[in-house]
Amino acid sequence: MRVLVTGAAGFLGSHLCDRLLAEGHEVVGMDNFITGNPQNLAHLAGHERFSFIRHDVSDFIFVPGKLDAVMHFASPASPNPNSPYGYVNLPIQTMKAGALGTHNTLGVAKAHDARFLLASTSEIYGDPQVHPQDESYWGYVDPIGPRSVYDEAKRFAEALTMAYHRFHGVDTRIVRIFNTYGPRMHIHDGRVVPNFLLQALRGEPLTVYGDGQQTRSFCYVDDLIDGIYRLLMSDEHRPVNIGNPVETTILEFAHTINRMTGNEGVTFLPDRRGSGDPQRRQPDIARARQALGWEPRIELDEGLRRTIPYFKEKIDQA
Ligand code: NAD
Ligand code: UDP
């Protein structure tokens, strides 16, 4: 297949490009580097089946040649208002990437008669009132809160994807991605894994927002990409949760990071409930198991062992 990957210079997009190339496909990467990093693609320079277009997906997209699949991953993804990469600080760009970017990439898929895969998110469930979250849950989202620029753009993107599927017959897929971590996350991206690793490797106490009793379920990137690849190759048109169902409190997670890095200490900062910080998040992955034969394999300690050397290297280079 010849596959367009938007957001290719980002954390997930770059791993996705690697997997597609490893499977023998040809990849056209697209990115405007707003939160991504050309370094994430440096190892693909000169690869005979990889090419790159620097472009903002919010503007009309033209890709010469045939395309068999379009995978739309371009969007800021960190909720942290203290990070320049946080979507709260890129609100209009985030809404445009989710809305106009999804419209443009669906248009490309339709024009090329290509299959389409949308990178959606567990954030479409908002601060969930149902636990764990399965795909039938409609979510609990504040439409005007600080996180709404991301959540509502992704909800619009899902609706538009289904409209193109139902009305135009585009062969679509929707993956709802839960918290994922691994090498190539931007060290200043502000999400909890980069923040904690940066602090731990500098010997600083970890900043826990609130009492740390809020939960997340962390998936290692290779597991996630495997689930997404299986979804692309399946004929599943319904949204599919991909994530690791092992749930941990943020405080437990801080202790795990400290243990694995030989660091000590936690600082409690004001909670972020007022800005919509979800209190519990855990994917129900029954659909992924049944429709894709997928489940995660890499446990948290192992995933962190694979991630820590990358952060060490980046901190040394900074
Ligand atoms: P990332 O910030 O590392 O990557 C996003 C990439 O998209 C960056 O390279 C950025 O430059 C690019 N981009 C953003 N707006 C663009 C635009 N208008 N035009 C072209 N390129 C643009 O983040 P990530 O974690 O790799 O997230 C990738 C996708 O996965 C996003 O759509 C995100 O919403 C989704 N997602 C990620 C997670 C996670 O845990 N990593 C969870 C849920 C959803
Ligand atoms: N968090 C924290 N300290 C940090 C960064 C994040 O306690 O330095 C918490 C945050 O409040 C949230 C969880 O960790 O409850 C996950 O946050 P992240 O930014 O990774 O993304 P989210 O899962 O909220 O989209």
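Everything below is about the structure shown above.
Every chain is numbered on its own, with residues counted from 1 as its sequence reads. As they are written, the chains are lettered A onward and the ligands numbered 1 onward, keeping that order. Side-chain atom pairs in this predicted model are given and counted only at pLDDT of 80 or more, local residue features only at pLDDT of at least 70, and totals for whole chains, interfaces and linings cover all residues. Only hydrogens and water are set aside when side-chain values are computed; all heavy atoms of the structure are taken into account.

**Q** I keep staring at the overall build of the protein chain and nothing clicks. Help me out?
**A** Scanning the protein chain from terminus to terminus reveals nine helices and 13 strands. Relative to the compact-globule value of 20 Å for 318 residues, the protein chain shows a C-alpha radius of gyration of 19 Å, a close match. Accessibility here uses a 1.4 Å probe with only protein chains present; expressed as a share of the type maximum, an area under 20% marks a residue as buried, one over 50% as exposed, and anything in between as partly exposed. For the protein chain, the residues scored as buried account for 56% of the 318 residues in total. Residue contacts follow a heavy-atom distance rule, with two residues in contact if any of their heavy atoms lie within 4.5 Å. Long-range contacts, defined here as pairs at least 24 residues apart, represent 79% of the contacts in the protein chain between residues at least 6 apart. Note that accessible areas follow from Shrake-Rupley with a 1.4 Å probe, and for residues the cover is restricted to the protein chains shown. A total accessible area of about 13,500 Å² is found for the protein chain, and carbon and sulfur atoms account for 51% of it. Residues counted as positive are Lys and Arg, residues counted as negative are Asp and Glu, and His and the chain ends are not counted. For this purpose, a charge sits on NZ of Lys, CZ of Arg, CG of Asp or CD of Glu. When the 32 positive and 38 negative side-chain charges of the protein chain are each reduced to one mean point, those points stand 2 Å apart. A run of H or I in DSSP becomes a helix once it reaches four residues, and a run of E becomes a strand once it reaches two; helices and strands are each numbered from the N terminus. Both definitions apply: the radius of gyration is a C-alpha atom measure, and the globule rule equals 2.2 Å times residues to the power 0.38.

**Q** What should I look at first to understand the site of ligand 1 in this one?
**A** Residues in close proximity to ligand 1 total 29 residues, the closest being Leu12, Asp31, Thr35, Tyr150 and Lys154. Here Ile34 contributes a backbone N or O atom positioned 3.0 Å from an oxygen atom of ligand 1. Throughout this description, a polar contact denotes any pair of N or O atoms lying within 3.5 Å of each other; where both atoms belong to protein, one of them has to be capable of donating a hydrogen while the other can accept it, and for residues adjacent in sequence the pair is counted only when both atoms sit in side chains. Within the side chain of Thr35, a nitrogen or oxygen atom sits 2.6 Å from an oxygen atom of ligand 1. For ligand 1, whose accessible area on its own is 820 Å², the fraction buried by protein is 96%. Taken together, the elements giving at least two residues each to the shell around ligand 1 come down to helix 1 (11–22), strand 5 (115–121) and helix 4 (148–168). Gly is placed with the polar residues, together with every amino acid not listed as nonpolar (Ala, Val, Leu, Ile, Met, Phe, Trp, Tyr, Cys and Pro) or charged (Asp, Glu, Lys and Arg). Looking at the shell around ligand 1, its residues break down into 13 nonpolar, 12 polar and four charged. Near is defined per residue: the residue qualifies when any heavy atom it owns lies within 4 Å of the molecule or strand.

**Q** Whenever I open this one, the pairing of strand 2 (residues 26–31) confuses me. Can you help?
**A** Taken residue by residue, a regular strand's side chains alternate between the two faces of the sheet. Burial within strand 2 is extensive, with five of its six residues counted as buried. In this structure, strand 1 (residues 2–6) lies alongside strand 2, joined through five bridges in parallel fashion. Along strand 2, the bridge assignment pairs Leu4 with Val28. Since strand 1 and strand 2 lie parallel, the crossover through helix 1 that links them has a hand, and here it is right-handed. The pairing of strand 2 with strand 3 (residues 50–54) spans five bridges and is parallel. Paired with Gly29 across the bridge in strand 3 is Phe52. Only strands that DSSP links by at least two bridges are regarded as paired with each other. Classification remark: right-handed applies to a crossover when, strands pointing away from the viewer, the course from the first strand over the helix to the second runs clockwise.

**Q** Could you clarify how one ought to interpret the site of ligand 2 in this entry?
**A** Ligand 2 sits among 16 residues. The nearest are Asn179, Val192, Thr207, Arg216 and Asp277. For ligand 2, an oxygen atom lies 2.8 Å from a polar atom in the backbone of Tyr209. Protein chains shield 95% of the accessible area of ligand 2, which is 520 Å² for the free molecule. For the shell around ligand 2, the secondary structure elements donating two or more residues are helix 5 (192–201) and strand 8 (206–209). Split by residue class, the shell around ligand 2 holds six nonpolar, four polar and six charged.

**Q** Explain the packing of aromatic side chains here, please?
**A** Each aromatic ring pair is described using two quantities: the centre-to-centre distance and the angle formed by the ring planes. Only Phe, Tyr and Trp rings take part, Trp by its six-membered ring, and two of them pair if their centres are within 6.5 Å. Stacked means planes under 30 degrees apart, edge-to-face means over 60, and tilted covers everything else. In total, this model carries eight aromatic pairs according to the counting rule given. An angle of 20° between the planes, with centres 6.0 Å apart, marks the rings of Tyr125 and Tyr137 as stacked. Of this pair, Tyr125 sits in the loop between strand 5 and helix 4 while Tyr137 sits in the loop between strand 5 and helix 4; the two residues are 12 residues apart in sequence, bridging distant segments of the chain. Comparing Tyr125 with Tyr137 shows no difference in burial state: the two are buried. Ring geometry for Tyr125 against Phe178: centres 6.1 Å apart, planes inclined by 40°, an arrangement best described as tilted. One end of the pair, Tyr125, is in the loop between strand 5 and helix 4; the other, Phe178, is in the loop between strand 6 (172–177) and strand 7 (180–181), with 53 residues separating them in the sequence. The buried category is assigned to Tyr125, whose relative accessible area is 0%.

**Q** Sorry if this is basic, but what is going on with helix 9 (residues 300–317) here?
**A** Under the 1.5 Å per step criterion, the end-to-end length of helix 9 is 26 Å for 18 residues, consistent within 8% with the ideal 26 Å. The largest bend in helix 9 is about 25°, located at Thr307, with the proline Pro309 one to four residues further on. Within helix 9, burial applies to Gly303, Leu304, Thr307, Ile308, Tyr310, Phe311, Lys314 and Ile315. Buried residues in helix 9 make contact with strand 7, helix 5, strand 10 (219–220) and helix 7 (250–261). How far a helix is expected to stretch is found by multiplying one less than its residue total by 1.5 Å. One axis fitted to the seven residues ending at a residue, another fitted to the seven starting there: the angle between these axes is the bend at that residue.

**Q** Whenever I open this one, the pairing of strand 4 (residues 69–72) confuses me. Can you help?
**A** Across the two faces of strand 4 the burial is the same, with Ala69 and Met71 and Val70 and His72 all buried. By the bridge criterion, four bridges tie strand 1 to strand 4 in an arrangement that is parallel. Bridge pairing in strand 4 places Leu4 opposite Val70. As defined by bridge partners, strand 4 adjoins strand 5 across four bridges and the pair is classed as parallel. Paired with Ala69 across the two strands is Arg115, which belongs to strand 5.

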